[in-house]
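Below, each chain spelled out in residue letters.
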Amino acid sequence: MIKRVYIGVILTCFGIHAEAQYFAHKTFRDTRVVNGHSVETNNEGVAKFIISHRFGVINSGLSELFGLDQATIRIGMDYGIKDWATIGLGRSSFEKTLDGYAKVRFKRQSSGEMNFPLTLTGLGSIALNTLPFQNPSRENYFTSRLTFTSQFLIARKFSDDLSIQIMPTLVHRNLVSTLKESNDVFSCGAAFRYQLNRSWALSGEYYYVLPDQLAEGRYNAAALGFEVETRGHVFQFQLGNSLGMIEKFFVTETLADISKGDIHFGFNITRDFKLKGRKY
Amino acid sequence: MKSLIAILLIVFLYPLLAWVSSSNSLFEAFGPETPLMQVNASLGLAIPSHYVNRADPKKVRIGGQLISEGRADTPQGKSNYISRFYACTSCHNTVREEEDISKVDSELRLDYAIEHQLPYLQASTFWGIVNRVAWYNGDYIKKYGDLVIAANKSLEESIQLCAQECSQGRELEAWEMEAMLHYLATLELKVGDLALSKEEINQLNDGSASNQNKLNLIASKYLPRSPATFAEPPNDKNRGYGMKGNVERGKAIYELGCQHCHKEDGVSDLVLDDAKKTFKWLRNNISADSQNSIYEIIRHGTYAEYGHREYMPLYTQEKMSDQQVEDLRFYIQEMAY
């Protein structure tokens, strides 16, 4: 006891005080910004059920009900194995693709005893195209179906309202259509979220792909979202130029040209389920 | 001469010694640390079945862990969580909550919570819970119906009700119940916890007084039954309960009460932080006829629903007075500007 008092006195004399530690909470409201991942991970024991839809381009006219007649869907489930580690599985109707990912938060933005200005998260994902091979007569390999993504998510919550994130991303495709395309595609994304009121928020993201890596007619992915949070649900409505909802699609296979008005409407609905207790 | 001094000493000192000895006989017999249950037993009161006379330290540790964390480290490894949604301490403190434990006074309870920075919660503290003779009293029958009948008369049954209904968890296994009772026994009231005056101590030591009178005196010094009165929101929520709120006390209620569960990564999905937008949202919903209104949520709480078992228990009048709800409202309004 006396020893503790001495240490306390010495620390106080040198101006060293034990401070509380504060972590930035909900830098983004959900684990996805719009299409891409955010720095957020699920809490331990929480399963997140995600249904996402992307429709055809809005300028397709009334006969296509402004794109609503054409829909792609992804159904996915994420699970927090630790507060800082999440795994997930999903299946997209677009190219009948299965995907899985693991996401680890290395560091949280914090203030107080230890200051750190950013939240840092790493993402690794794999996508498996299950469509029949386009050219069955040649020798095809299972590995040709695979695409891998490595992504680093760096975010800062600047205020209660504004968060910004950047996402250096590498997509590796085992098989590409033409020799002109790169198997490794480097891109860098940027995203934001702005809280409008207690329940509503705006979000957006843009992925810039470095030149000469993709085939003609592929565009950088951009999307603007509107989020509504209710008890246990987050609804995200968005306008963007990508039909796919995983990195493989929106980084390397975005076909719609926003400058021509080719914009897809879409939404994500997420629902959390507590499957396990935790220390509160 | 020596004889004279001896006689004088006897004459003058005997009454003094007699008075001192009588006024402290209770404490000499039992001491301030003597468990109240032991005193009651010596006066002829039956020891209840839930009471553990000599708590086993190992079981106490496990019981404490079950209560604060929802599961325990056992020789077989970590046990399963009792509830996915709550720990006992989400709603119960485990320490003294009031200076004067002989009456209900929510203002004094809040004073004590502010002074000691205690969570200001809906449920009764576990401190002294083994000394109660009834649980889930008063209006709790309105919420839980017949389930309360057994729980009202038995601490074990009330723990099971709490585990399964209130915390939406599972039935406790026998070893868990045993460990909890061992832990709760360490939180029992002691003689020194009662505010006994000198006269009352004399009364207890009065050989001519009946044991029943002594037991009645002890029972008047704490609440063997914690009353529970369900209250209603005001008829006109814009007007509220018609009292002026105290912003400072409202701040304490927000921080020690609301944010106990509605903190970041807390029990509730709904985070009530200190952002202006949060206060504006709360303020704008004050008059709403939904659970987003502080009046509705405090007085009615919510119920567990299929697919969303987490809910908020209501605050009874005893745990949060109308005045305190107004204090909270004034704080929210102040912070929303």
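This structure is a prediction, so every number in the text was calculated from the model and none was measured.

The rules behind each value
Residues numbered from 1 in each chain as written. Chains lettered and ligands numbered in written order. Predicted model: local features only at pLDDT ≥ 70, side-chain atom pairs only at ≥ 80, totals over all residues. Heavy atoms only, no water. Axes fitted to C-alpha atoms, helices over the stretch in contact; angles between N-to-C directions. Helix = DSSP H or I, 4+ residues; strand = E, 2+ residues; numbered from the N terminus. Parallel < 35°, antiparallel > 145°, perpendicular 65-115°, else oblique. Contact = heavy atoms within 4.5 Å. Nonpolar A, V, L, I, M, F, W, Y, C, P; charged D, E, K, R; others polar. Buried area = accessible area lost by both parts, 1.4 Å probe. Salt bridge = Lys/Arg side-chain N within 4 Å of Asp/Glu carboxyl O. Polar contact = N/O pair within 3.5 Å; in protein donor to acceptor, adjacent residues only side chain to side chain. Left-handed = near helix turned anticlockwise from the far one by under 90°. Pairing = 2+ DSSP bridges. Buried < 20%, exposed > 50% of the residue type's maximum accessible area, 1.4 Å probe, protein only. Phe/Tyr/Trp six-rings, centres within 6.5 Å; stacked < 30°, edge-to-face > 60°. Expected span 1.5 Å × (residues − 1). Domains from an automatic or database assignment.

Undergrad: Is there a simple way to think about the packing of helix α4 (residues 57-69) of chain B against helix α9 (residues 174-185) of chain B in this case?
TA: Two quantities define a packed helix pair, namely the angle between the axes and the distance from one axis to the other. All names here are of chain B. For the pair α4 and α9, the least separation of the axes is 7 Å and the interaxial angle reads 100 degrees. Put simply, α4 runs roughly perpendicular to α9. Contact with α4, carried on its side by K59, V60, I62, G63, G64, L66 and I67, involves W175, E176, E178, A179, M180, H182, Y183 and L184 of α9 and no other residues of that element. A breakdown of the residues in the contact of α4 with α9 according to their chemical character gives nine nonpolar, three polar and three charged.

Undergrad: Would you mind going over the interface of chain A and chain B with me for this structure?
TA: A common way to report how large an interface is uses the accessible area buried once the components associate. With 23 residues of chain A in contact, the opposing surface of chain B contributes 23 residues. When chain A packs against chain B, close to 2200 Å² is buried across both sides, 46% of that on carbon and sulfur atoms. On the chain A side of the contact with chain B, R198, R231 and Y280 of chain A bury the most area, a combined 37% of that side's loss. Here chain A and chain B share four salt bridges between them. Note that K277 of chain B and D161 of chain A form a salt bridge whose closest N and O atoms lie 2.9 Å from each other. Counting every contact that joins chain A to chain B gives nine residue pairs in polar contact (both at pLDDT 80 or more). Looking at the side of chain A that touches chain B, the elements with two or more residues in it are β10 (184-195) and β14 (264-274) of chain A. The greatest single-element share of the side of chain A that touches chain B, amounting to three residues, is contributed by β14 of chain A.

Undergrad: Where do I start with the packing of helix α13 (residues 276-284) of chain B against helix α15 (residues 322-336) of chain B in this structure?
TA: All names here are of chain B. For the pair α13 and α15, the least separation of the axes is 8 Å and the interaxial angle reads 130 degrees. Of the possible angle classes, the one that applies to α13 and α15 is oblique. Every pair of crossing elements has a handedness; the one defined by α13 and α15 is left-handed. When α13 is examined against α15, the residues K276, F279, K280, L282 and R283 are found in contact with a partner set consisting of Y331, I332, Q333, M335 and A336. For the contact of α13 with α15, the per-class residue count stands at six nonpolar, one polar and three charged.

Undergrad: Got a minute to help me understand the sheet that holds strand β9 (residues 162-173) of chain A in this structure?
TA: As a general point, the strands of a sheet are linked pairwise by backbone hydrogen bonds and lie either parallel or antiparallel. Residues and elements named next belong to chain A. Strand order in the closed barrel formed by twelve strands is β2-β3-β4-β5-β7-β8-β9-β10-β11-β12-β13-β14, and the pairing between neighbours is antiparallel. Strand-to-strand twist in this sheet, taken as the mean axis angle between neighbours without regard to direction, amounts to 20 degrees. Pairing analysis gives ten bridges linking strand β5 (residues 97-107) to strand β7 (residues 119-129), with the strands arranged antiparallel. Paired with A102 across the bridge in β7 is G124.

Undergrad: How should the pairing of β7 of chain A be read in this particular structure?
TA: Here is the key point about a regular strand: its side chains alternate between the two faces of the sheet. Residue and element names in this part refer to chain A. Most of β7 sits inside the fold, with nine of its eleven residues counted as buried. Bridge analysis of β7 against strand β8 (residues 146-157) gives ten bridges, and the strand direction is antiparallel. Within β8, the residue paired with L120 across the bridge is I154.

Undergrad: How should I be thinking about the pattern of salt bridges in this particular structure?
TA: Pairing between side chains becomes possible if they bear opposite charge and their charged atoms approach one another. Following the criterion strictly, the structure yields 27 salt bridges over all chains and no others. When the shortest N-O distance is used, the salt bridge between R193 of chain A and E227 of chain A registers 3.3 Å. One end of the pair, R193 of chain A, is in strand β10; the other, E227 of chain A, is in strand β12 (residues 221-230), with 34 residues separating them in the sequence. Here R193 of chain A matches E227 of chain A in class, with each residue buried. Close ionic contact of R299 of chain B with D322 of chain B constitutes a salt bridge, the shortest N to O distance being 2.8 Å. Of this pair, R299 of chain B sits in helix α14 (residues 294-300) while D322 of chain B sits in helix α15, and the two are 23 residues apart along the sequence. On the basis of relative accessible area, R299 of chain B is assigned to the buried category, the value being 1%. Each of the salt bridges in this network shares a partner with another, and the network as a whole consists of D30, K48 and D272 of chain A.

Undergrad: How do you make sense of the packing of aromatic side chains when you look at a structure like this?
TA: For any pair of aromatic rings, the description rests on two quantities: the centre-to-centre distance and the angle between the ring planes. Applying the stated criterion across every chain, the model contains 15 aromatic pairs over all chains. Pairing F55 of chain A with F265 of chain A gives two aromatic rings, centres 5.9 Å apart and planes at 10 degrees, and the pair type is stacked. With F55 of chain A in strand β2 (residues 46-57) and F265 of chain A in strand β14, this pair connects stretches of sequence that are 210 residues apart. Connected via pairs of aromatic rings, a cluster forms that spans Y136, Y140, Y144 and F230 of chain B.

Undergrad: Could you clarify how one ought to interpret unusual backbone geometry in this entry?
TA: What is expected of a backbone is that most residues other than glycine have negative phi and most peptide bonds are trans. If you check the backbone angles, K96 of chain A has positive phi at about 40 degrees while not being a glycine. Of note in this structure, Q168 of chain B is not a glycine but carries a positive phi near 55 degrees. Relative to the helices and strands, Q168 of chain B resides in the loop between α8 (155-166) and α9.

Undergrad: Explanation requested: α4 of chain B in the structure shown.
TA: In an α-helix, one turn spans 3.6 residues, which is why side chains three or four residues apart end up on the same side. Residue and element names in this part refer to chain B. Look at α4: 18 Å from first C-alpha to last across 13 residues, which is about the 18 Å you get at 1.5 Å a residue. Taken together, the buried residues of α4 touch β1 (73-74) and α9. Positive phi appears at G70, one or two residues downstream of α4, with a value of about 90 degrees.

Undergrad: What exactly am I supposed to notice about the side chain of D99 of chain A here?
TA: All names here are of chain A. Within the secondary structure layout, D99 lies in strand β5. Residue D99 is classed as buried on the basis of its relative accessible area of 8%. Here the side chain of D99 touches R74 through a polar contact of 2.7 Å, side chain to side chain. Among all residues touching D99, those that are not within four sequence positions of it are R74, G88, L89, G90, R91, S92, I126, A127 and I246.

Undergrad: Explanation requested: the domain arrangement of chain B in the structure shown.
TA: Residues and elements named next belong to chain B. Per the domain assignment, the segments of chain B are domain 1 (35-228) and domain 2 (247-335). Placing a centre on the C-alpha atoms of domain 1 and another on those of domain 2 gives a separation of 26 Å. With 31 residues of domain 1 at the interface, the matching set in domain 2 holds 26 residues. Buried area between domain 1 and domain 2, summed over both chains or domains, comes out near 2500 Å², and the portion from carbon and sulfur atoms is 56%. Of all residues in domain 1, the largest losses of buried area upon contact with domain 2 belong to Y120, Q122 and K143, amounting jointly to 27% of the total for that side. The interface formed by domain 1 and domain 2 includes two salt bridges. In this structure, E107 engages R249 in a salt bridge whose closest nitrogen and oxygen atoms are separated by 3.0 Å.

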